[in-house]
Amino acid sequence: MAASLFGAAVDPPQPLTWWTTNPLVKVKPLDPVPAVPVKNVDLFAGRNEFEPFQIVLRAASKDLTGVDIDFSDFRTAEGAGISAKNVTVYREEFVNLQRPSSIEGGEGLWPDPLIPRVDRYANEARNAFPFTVRRGQNQPLWVEVFVPVTAHPGKYTGSARISLGGMVQFSVPIHLTVWRFTLPSTATLKSSFGLNGINALKQHRGRYTNDEDLHSITGVYTKAALLHRISTNGGSMQPPKFSYSAGKMQVDWREYDAEVGPFLNGVAIPEGEPLQGARATSAEIRMPKVFETEELEKLYWTEWSRHFQKKGLGDRLFLYLWDEPASRPVG
């Protein structure tokens, strides 16, 4: 405690200002501190569900290095528990937009990249933690809690602990209500979001390297989507090789099945991981650029249908026939 000029004891200034917010808020570096900062977290989730929130830190008077976070286990009054291993934390980084992406956006720094402590896909530690909070700027943290299938329904309590140089500065109370139902790993709502693996590879490696790298990068993105109950289309963009002779179409499915098959048959997310057994809800027919005749095109489509029906996946196959047709003047 410190003494004031009048001899009364006052609390020393805290090095960090902080508050919590929901995952729908975009916290920019210079956004003002809320008039009434929220100092706790209330989560509600079913079993087999991810539920996120954000913790925002702000340095009052100087840059603060060595800031870190860890989490307690979650417990009910009856003694049921959810391990802190089910909590994933990311440091949010910012991208500098030169122009708004929509009428709802704006120029400047916007939160977008999420850098984990440990990469979920490569199982490697990253350099996001500990980190520095810049003076007068917000540093949001994205926290994701996974509720295991085995979790008992009930009201859990836990906490996030913020430390500075290894010393705990404060704790954030977390209240988690687990409902009785369990969400399926495979989404019941079908989806198909475009993914261009070739562009992703070029962004990661600076150029197109080889097909092995293409399939590896595509697999990571496809799994990341599946962990959010989203199915993708496009992927490596490579249609299966085919040949035509004596009126018969032959399609070589080996490379295609090696790439797409694990996501359709539920082995891409193995036992022991969140959403184990999740399956993609859709798969598009990958078309070569041209066919010499319409008859060849029909035979090619027929082979796709036959292949998927044989695997019991006919209800997931679709043809992306046209994309963004050009507008025509009216009248």
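So, here is what we can say about the structure in this document. (Residues numbered from 1 in each chain as written. Predicted model: local features only at pLDDT ≥ 70, side-chain atom pairs only at ≥ 80, totals over all residues. Heavy atoms only, no water.)

It is worth spelling out the pairing of strand 6 (residues 64-71) at this point. Every other side chain in a regular strand lies on the same face of the sheet, so the side chains alternate between the two faces. Where strand 6 lies against strand 11 (residues 131-133), 2 bridges are found, and the strand directions are antiparallel. The residue of strand 11 that forms the bridge with Leu64 is Val133. Inspection of the sheet shows strand 6 paired to strand 13 (residues 154-164) by 5 bridges, in the antiparallel sense. For Val67, the partnering residue across the bridge sits in strand 13 and is Leu164. (Pairing = 2+ DSSP bridges. Helix = DSSP H or I, 4+ residues; strand = E, 2+ residues; numbered from the N terminus.)

Another point: the sheet that holds strand 3 (residues 16-21). If you trace the 5 strands from one edge of the open sheet to the other, you get 3-5-12-9-10, paired in antiparallel fashion. This sheet does not close on itself; its edge strands, each paired only once, are strand 3 and strand 10 (108-116). Each strand axis lies, on average, 30° off the axis of its neighbour in the sheet, ignoring direction. Summarising the sheet, strand 9 (residues 87-97) and strand 10 pair through 7 bridges and their orientation is antiparallel. Residue Asn96 lies in a different strand from strand 10, and its bridge partner there is Leu109. (Axes fitted to C-alpha atoms, helices over the stretch in contact; angles between N-to-C directions.)

Quick look at helix 3 (residues 254-265) now. Among all positions in helix 3, only Tyr256, Glu259, Val260, Gly261, Phe263 and Leu264 are buried. In this structure, the buried side of helix 3 is in contact with helix 2 (211-226), strand 16 (232-235), strand 19 (283-284) and helix 4 (294-310). Of the residues flanking the end of helix 3, it is Gly266, one or two places downstream, whose phi is positive at about 85°. (Buried < 20%, exposed > 50% of the residue type's maximum accessible area, 1.4 Å probe, protein only. Contact = heavy atoms within 4.5 Å.)

This brings us to the packing of aromatic side chains. Tallied over the full model, the rule gives 14 aromatic pairs. Ring centres of Phe44 and Trp179 lie 6.1 Å apart, and the angle between their planes is 25°; this geometry places the pair in the stacked category. Here the residue Phe44 occupies a position in strand 4 (residues 41-47), and Trp179 occupies one in strand 14 (residues 167-182), the gap between them amounting to 135 residues. The class for Trp179 is partly exposed, based on a relative accessible area of 39%. An aromatic cluster is built from Phe242, Trp253, Tyr256, Phe291, Tyr300, Trp304 and Phe308, whose rings are joined through pairwise contacts. A cation sits over an aromatic face here: Lys39 above Trp18, 4.1 Å from the ring centre. (Phe/Tyr/Trp six-rings, centres within 6.5 Å; stacked < 30°, edge-to-face > 60°. Lys NZ or Arg CZ within 6 Å of the ring centre and 35° of its normal.)

Time to look at the environment of Leu97. Looking at where Leu97 falls in the secondary structure, it is placed in strand 9. By relative accessible area, which is 27% here, Leu97 ends up partly exposed. The spacing of Leu97 and Val56 is 41 residues in sequence and 21 Å in space, taken between C-alpha atoms. Every residue in contact with Leu97, bar those within four places of it in the chain, is listed here: Gly106, Glu107, Gly108 and Trp110.

In this model helix 2 runs 22 Å from its N-terminal to its C-terminal C-alpha over 16 residues, within 8% of the 22 Å that 1.5 Å per residue would give. All of the buried residues in helix 2 are Asp213, Leu214, Ile217, Thr218, Thr222, Lys223, Ala224, Ala225 and Leu226. On its buried face, helix 2 is in contact with strand 15 (193-196), helix 1 (197-205), strand 16 and helix 3. Put simply, Asn210 is the residue that caps the front of helix 2, since its side-chain oxygen is 3.1 Å from the backbone nitrogen of Glu212. (Expected span 1.5 Å × (residues − 1). Polar contact = N/O pair within 3.5 Å; in protein donor to acceptor, adjacent residues only side chain to side chain.)

A few words now on the nonpolar core. Counting 37 residues, the largest nonpolar core has Leu57, Val67, Ile69, Phe71 and Leu176 as its most contacted members. The biggest single contributor to this core is strand 14, with 5 residues. Other than its neighbours up to four places away in sequence, Val67 contacts Leu16, Leu57, Pro130, Phe131, Val133, Ile162, Ser163 and Leu164. Residues Leu226, Tyr256, Ala280 and Ala283 belong to the second largest nonpolar core, which totals 24 residues. (Core = buried A, V, L, I, M, F, W, Y, C linked by side-chain atoms within 4.5 Å.)

So, on to the pattern of salt bridges. With the rule as written, the count across this model stands at 15 salt bridges. In this structure, Glu144 engages Arg120 in a salt bridge whose closest nitrogen and oxygen atoms are separated by 3.5 Å. Taken as a pair, Glu144 in strand 12 (residues 138-147) and Arg120 in the loop between strand 10 and strand 11 lie far apart in primary sequence, 24 residues in all. On the basis of relative accessible area, Arg120 is assigned to the partly exposed category, the value being 29%. The salt bridge involving Glu124 is made with Arg126; its shortest N-O contact spans 3.0 Å. The class of Glu124 is partly exposed, set by a relative accessible area of 41%. Judged by relative accessible area, Arg126 falls into the partly exposed class, the value being 33%. (Salt bridge = Lys/Arg side-chain N within 4 Å of Asp/Glu carboxyl O.)

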